[in-house]
Amino acid sequence: MKKSLLRFLSALTVCLLLIMPLPSLAGEAQEVTVVCSFYPVRIFAQNALKDVPGVRLETLAPAGTGCLHDFQLMTGDLKKLDGALCLILNGAGMEQSFLPLLTRERANLPLVDCSAGIPLMTEGGEDNPHIWLSPFLAAAMVRNLGDGLSKLLPEHRETILNNTEAYAASLEALGEEMRAALSSFEGKNIVTFHEAFPYFADAMGLNVLASVTVEPDETPSPRLIAETVSLIQKCGGCPLFSEPGVQLDALNTIARETGCPVYELDPITDGANDPDAYVQAMWKNLNTLITALSAQAER
Ligand SMILES: [Zn+2]
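For clarity, every value in this text was computed on a predicted model and none was experimentally measured.

Peer 1: Break down the overall build of the chain for me, with residues and values.
Peer 2: Across its full length, the chain holds 10 helices and 10 strands. Counting over 299 residues, the chain shows a buried share of 46%. At a minimum sequence separation of 6, the contacts of the chain that also span at least 24 residues come to 67%. Surface summary for the chain: the accessible area is close to 15200 Å², and the carbon and sulfur share equals 53%.

Shown next, in the form of structure tokens:
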């Protein structure tokens with residue numbers, strides 16, 4: 001073989017090596033990060049992204065935050081948004097304590113608002129943001145999420161939309177089953193701590209008579225306790241629902257004075273990052289409601 005031909009062939013080899021991707025990098029798609037504002041939205045996103053490769057999910061609020069009513073962004077939280085594809089929001093005002101700062105600091109970050117188009121209830125002139133606790137509205141949120149995410153990940157559009165439609169339909173079926181299971185308690189009153197459950201009660205055909213307006217980390221005043229006791233007595237011992245992790249002496253006082261046990265409803269703001277977590281928590285809530293409302297009927 002002539003020397004010039006050899007030189008040509010070796011040069012050609014170098015060129016081919018340069019233009020061909022290395023085997024170790026081939027097929028390794030760039031990973032993107034999708035950030036969710038808090039727990040329930042994350043569970044919805046997990047379902048939306050089933051079988052979608054190359055997407056890492058992050059939750060903005062650290063575990064244990066609960067609702068985001070007073071949540072303030074720390075530098076570490078903002079860092080989670082560096083290079084993120086988008087931030088998925090509950091919307092309806094849930095993120096209002098930090099959204100103005102966030103949109104100032106990360107002006108170009110796309111936002112997916114799960115509450116788009118959902119009619120809101122108001123409490124004292126303010127929108128109540130706890131929409132995810134109605135399985136029917138959760139389905140609408142999931143469809144909004146699918147719509148937003150599929151536009152940002154067009155190569156996975158079909159998978160995402162199939163996932164969100166299937167999950168949304170299963171949430172609607174869950175809502176129907178729960179409502180049917182509670183049909184004999186239609187219109188019954190319940191009292192809750194924290195204004196988390198009006199959408200849930202509405203979906204279940206129940207009525208939140210009152211919310212003892214105390215956030216999980218606050219201590220209710222003696223006057224508020226006395227008012228709650230008299231409210232429960234007046235409504236014939238309608239059940240009072242606290243939340244998991246709330247350890248208030250006030251709850252024992254109320255239970256003692258009314259003779260009605262205090263039950264727990266899960267607002268589904270914390271838990272395992274399991275795609276079935278929302279559905280499982282809802283079944284548990286249903287069992288709690290049936291126990292509490294049956295006990296009231298027997299008193
Ligand atoms: Zn809340």
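After presenting the structure, the write-up continues.
Peer 1: Summarise the sheet that holds strand β4 (residues 111-113); cite the residues concerned and give the values.
Peer 2: The sheet built from four strands is open, its strands ordered β2-β1-β3-β4 with parallel pairing. Edge positions in the open sheet fall to β2 (55-59) and β4, since each of these has one partner strand only. Adjacent strand axes in the sheet meet at a mean angle of 25°, parallel and antiparallel pairs treated alike. Relative to β4, strand β3 (residues 86-89) runs parallel, the two being bridged by three bridges. For I88, the partnering residue across the bridge sits in β4 and is V112.

Peer 1: For the coordination of the zinc ion, give the residues involved together with the corresponding values.
Peer 2: Coordination of the zinc ion by the protein involves C67 (SG), H69 (NE2), H130 (NE2) and H194 (NE2), with metal-donor separations of 2.0 to 2.2 Å. Note that the zinc ion binds four donor atoms; their angles at the metal cover 102 to 116°, and the shape is tetrahedral. Of note, the zinc ion draws all its donor residues from one chain, in the sequence arrangement C-x1-H-x60-H-x63-H. Of the two residues, C67 is situated in the loop between β2 and α3 (75-79) and H194 in the loop between β7 (189-193) and α7 (198-204); the sequence distance between them amounts to 127 residues. Accessibility classification places C67 together with H194 in one group, the buried group.

Peer 1: So what's going on with the side chain of H130? Which residues, and what values?
Peer 2: Tracing the sequence through the fold places H130 in the loop between β6 (126-127) and α5 (135-152). At 2.6 Å, the side chain of H130 forms a polar contact with the side chain of N128. Sequence-distant contacts of H130, that is, excluding residues within four places in its chain, are made with C67, H69, M94, H194, E195, A196 and Y199.

Peer 1: Help me get a handle on the nonpolar core, residues and values and all.
Peer 2: With 78 residues, the main nonpolar core has I88, W132, L149 and Y278 as its most contacted residues. The dominant element in this core, judged by the number of residues it contributes, is helix α10 (residues 277-298), at eight residues. In this structure, this core is formed jointly by two domains, domain 1 (32-171) and domain 2 (182-298), each of which donates at least three residues. Not counting residues up to four positions away in its chain, the partners in contact with I88 are V34, V35, C36, S37, V41, A45, V112, C114, L145 and L149.

The rules behind these values
- Residues numbered from 1 in each chain as written.
- Predicted model: local features only at pLDDT ≥ 70, side-chain atom pairs only at ≥ 80, totals over all residues.
- Heavy atoms only, no water.
- Helix = DSSP H or I, 4+ residues; strand = E, 2+ residues; numbered from the N terminus.
- Buried < 20%, exposed > 50% of the residue type's maximum accessible area, 1.4 Å probe, protein only.
- Contact = heavy atoms within 4.5 Å.
- Areas by Shrake-Rupley, 256 points an atom, 1.4 Å probe, with all protein chains shown as cover.
- Pairing = 2+ DSSP bridges.
- Axes fitted to C-alpha atoms, helices over the stretch in contact; angles between N-to-C directions.
- Donors = N, O, S within 2.8 Å, 3.2 Å for Na, K, Ca; no water.
- Tetrahedral: all angles 85-135°; square planar, octahedral: opposite > 155°, others 65-115°.
- Polar contact = N/O pair within 3.5 Å; in protein donor to acceptor, adjacent residues only side chain to side chain.
- Core = buried A, V, L, I, M, F, W, Y, C linked by side-chain atoms within 4.5 Å.
- Domains from an automatic or database assignment.

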